[in-house]
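So the chains spell out like this:
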Amino acid sequence: MSVSQFIAPFVSLVLAMPVMVGQNGAQQASEVDVIQTQDDRHERLTVPVRIGTHGPFQFMIDTGSQNTVVSTGVATTLGIPIGAKAKLTGVAGSEMVDTVEIDEIGLGKRSYYSVLAPLLERADIGADGIVGLDSLQGQRVQIDFKRGLMAVADARSLGGNRGYEIVVTARRRSGQLIMADAVIDGIKVQVVIDTGSDTSIGNRALQYKLSKRGLNGQVELRSVTGQTIIADIGLGRNLKIDQVNFGNVMIAYADSPHFKALGLADKPALFLGMRDLRQLDRVAIDFATRKIYFDVPDSSMDYTGRFSDHVNSRLN
């Protein structure tokens, strides 16, 4: 299988929607919400979501998206009236899209009210919708890859940092948590965890620094807007975030506007996708305290080697 066939379309997004000012969310319960996750065809996580009394619908959890998104099919089925248009910026460019106001979105035991969401085609999203940062702020998102579970709650309810080997403090920008204490093959890089993408994507500044390393070739990346962009393929042998090591990180390099939107265009930066995150046992993203918690596999497991074998078998 060729490299371009191996890397699936990238669908993370950054939304530039000034009309979102004033949106609010409220939680119904203080209990921990443990949600059984499913994997879509690109190895991202989807969870059951209610819209009012309807559903459940399968929404993708996307820590790389600023706002919650609903598919046009779901909005049509539920008869939700279309509102004003807003500007949406995805991996391949910007586009004006319709929006809808949703009275209530339910995730586990929590509900979020008066959610203004862009409308996108399900074929471009790969799910019925997207749970974005606007529905995750103030909470901790804890993903257990081994058990296929995700928990959404405050940090105390989820046990603080107990059971996690490494804790990294990030800085916040436009709702995103950016980790600056990271190095890939000797190059300092800023990293954002992106659960909405199967593929890790790097900016051109990172490509320039790593230009003599890794694979060659190109791949077409597809945005949630349906737009496409051509990316170059590279390979980072080792990504180290604090004391966490990721082996054989396959990177798609592109002139994506979401780097500029976060002020990450000029220095090496990487959106770390699900294929690489699955090298962990668990990860928790605490938006309230700006901390990322890592639970790495047992040291006796040659995880990097097994991942490398998997990549090679898919490419041959």
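Note that the structure is predicted; figures quoted are calculated from it, not measured.

Inspection of the entire model under this criterion finds eight salt bridges. Its salt-bridge partner being Asp 286, residue Arg 140 comes within 3.1 Å of it at the nearest N-O pair. Within this pair, whereas Arg 140 is found in strand 11 (residues 140-144), its partner Asp 286 is found in strand 24 (residues 282-286), the two being separated by 146 residues in sequence. Its relative accessible area of 1% is what places Asp 286 among the buried residues. Close ionic contact of Arg 204 with Asp 232 constitutes a salt bridge, the shortest N to O distance being 2.8 Å. In this pair, Arg 204 is assigned in helix 4 (residues 204-209) and Asp 232 in strand 21 (residues 228-241), connecting sequence segments 28 residues apart. A single network of salt bridges, built from pairs that share partners, joins Arg 204, Asp 232 and Asp 255.

Before going further, it helps to spend a moment on the packing of aromatic side chains. Any pair of aromatic rings gets described here by the distance separating the centres and the angle formed by the planes. Tallied over the entire structure, the rule returns two aromatic pairs. Both rings, one in Phe 259 and one in Phe 271, keep their centres 5.4 Å apart while their planes meet at 80°; by these two values the pair is edge-to-face. In this pair, Phe 259 sits in helix 5 (residues 257-261) while Phe 271 sits in strand 23 (residues 269-272), placing the two residues 12 residues apart along the sequence. Judged by relative accessible area, which is 0%, Phe 271 ranks as buried. The lysine or arginine in question, Arg 140, covers the ring of Tyr 293, its NZ or CZ lying 4.0 Å from the ring centre. Stacked on the ring of Tyr 164, the Lys or Arg Arg 282 has its end atom at 4.1 Å from the ring centre.

Moving on, we get to the environment of Phe 287. Looking at the secondary structure, you find Phe 287 in the loop between strand 24 and strand 25 (291-295). In this structure, the C-alpha to C-alpha distance between Phe 287 and Gly 175, residues 112 residues apart in sequence, is 8.2 Å.

In this structure, strand 7 (residues 82-90) lies alongside strand 8 (residues 93-107), joined through seven bridges in antiparallel fashion. Counted as the bridge partner of Ile 82 is Val 100 from strand 8. Taking the residues between adjacent antiparallel strands as the criterion, strand 7 and strand 8 are bridged by two residues.

On to the environment of Ser 200, then. Summarising the element assignment, Ser 200 is placed in strand 19 (residues 200-202). What makes Ser 200 buried here is its relative accessible area of 0%. Separated by 50 residues in the primary sequence, Ser 200 and Met 250 have C-alpha atoms spaced 6.7 Å apart. Among the polar contacts made by the side chain of Ser 200, one reaches the main-chain amide nitrogen of Gly 273 at a distance of 2.9 Å.

Positionally, Gln 139 belongs in the loop between strand 10 (129-131) and strand 11. Note on Gln 139: relative accessible area 7%, which makes it buried. Here the side chain of Gln 139 touches Arg 110 through a polar contact of 3.5 Å, side chain to side chain.

On to the nonpolar core. Counting 57 residues, the largest nonpolar core has Ile 102, Met 179, Leu 239, Ile 241, Phe 246 and Phe 294 as its most contacted members. Looking at this core element by element, the count peaks at five residues for strand 22 (residues 244-253). Those residues in contact with Met 179 that lie beyond four places of it in its chain are Val 168, Ala 170, Val 189, Gln 190, Val 191, Ile 193, Ile 241, Ile 292 and Phe 294. Of all hydrophobic cores here, the second largest spans 18 residues; its members include Val 192, Ile 201, Ala 231 and Phe 259.

Attention shifts here to the pairing of strand 24. Where burial is concerned, most of strand 24 is hidden: five out of the five residues are buried. Side chains Arg 282, Ala 284 and Asp 286 project from strand 24 onto one buried face, and the interleaved Val 283 and Ile 285 project onto a second face that is buried too. When strand 11 meets strand 24, the two strands line up antiparallel, connected through five bridges. Bridged to Arg 140 within strand 24 is Asp 286. Relative to strand 25, strand 24 runs antiparallel, the two being bridged by five bridges.

To continue, consider unusual backbone geometry. Most peptide bonds are trans, and most residues other than glycine sit at a negative phi. The residue after Gly 55, namely Pro 56, is reached through a cis peptide bond having omega 10°. Following the sequence through the fold, Pro 56 ends up in strand 5 (residues 54-61). Although it is not a glycine, Asp 242 sits at a positive phi angle of roughly 60°. Note that Asp 242 resides in the loop between strand 21 and strand 22. On the basis of relative accessible area, Asp 242 is assigned to the partly exposed category, the value being 27%. Positioned with a positive phi, Asn 248 is a non-glycine residue whose angle comes to about 50°.

Turning our eyes to something else, we now look at the confidence of the model for the protein. Low pLDDT marks regions whose predicted coordinates should not be analysed in detail. The predicted model of the protein has a mean per-residue pLDDT of 76, with 79% of residues at 70 or higher. The model gives residues 1-43 a pLDDT under 50, and that stretch makes 159 contacts with residues more than four places away or in other chains. Contacts for the low-pLDDT stretch residues 299-316, under 50 throughout, to residues beyond four places or in other chains number 23 contacts.

Definitions and cut-offs
- Residues numbered from 1 in each chain as written.
- Predicted model: local features only at pLDDT ≥ 70, side-chain atom pairs only at ≥ 80, totals over all residues.
- Heavy atoms only, no water.
- Salt bridge = Lys/Arg side-chain N within 4 Å of Asp/Glu carboxyl O.
- Helix = DSSP H or I, 4+ residues; strand = E, 2+ residues; numbered from the N terminus.
- Buried < 20%, exposed > 50% of the residue type's maximum accessible area, 1.4 Å probe, protein only.
- Phe/Tyr/Trp six-rings, centres within 6.5 Å; stacked < 30°, edge-to-face > 60°.
- Lys NZ or Arg CZ within 6 Å of the ring centre and 35° of its normal.
- Pairing = 2+ DSSP bridges.
- Polar contact = N/O pair within 3.5 Å; in protein donor to acceptor, adjacent residues only side chain to side chain.
- Core = buried A, V, L, I, M, F, W, Y, C linked by side-chain atoms within 4.5 Å.
- Contact = heavy atoms within 4.5 Å.
- pLDDT = per-residue confidence, 0-100.

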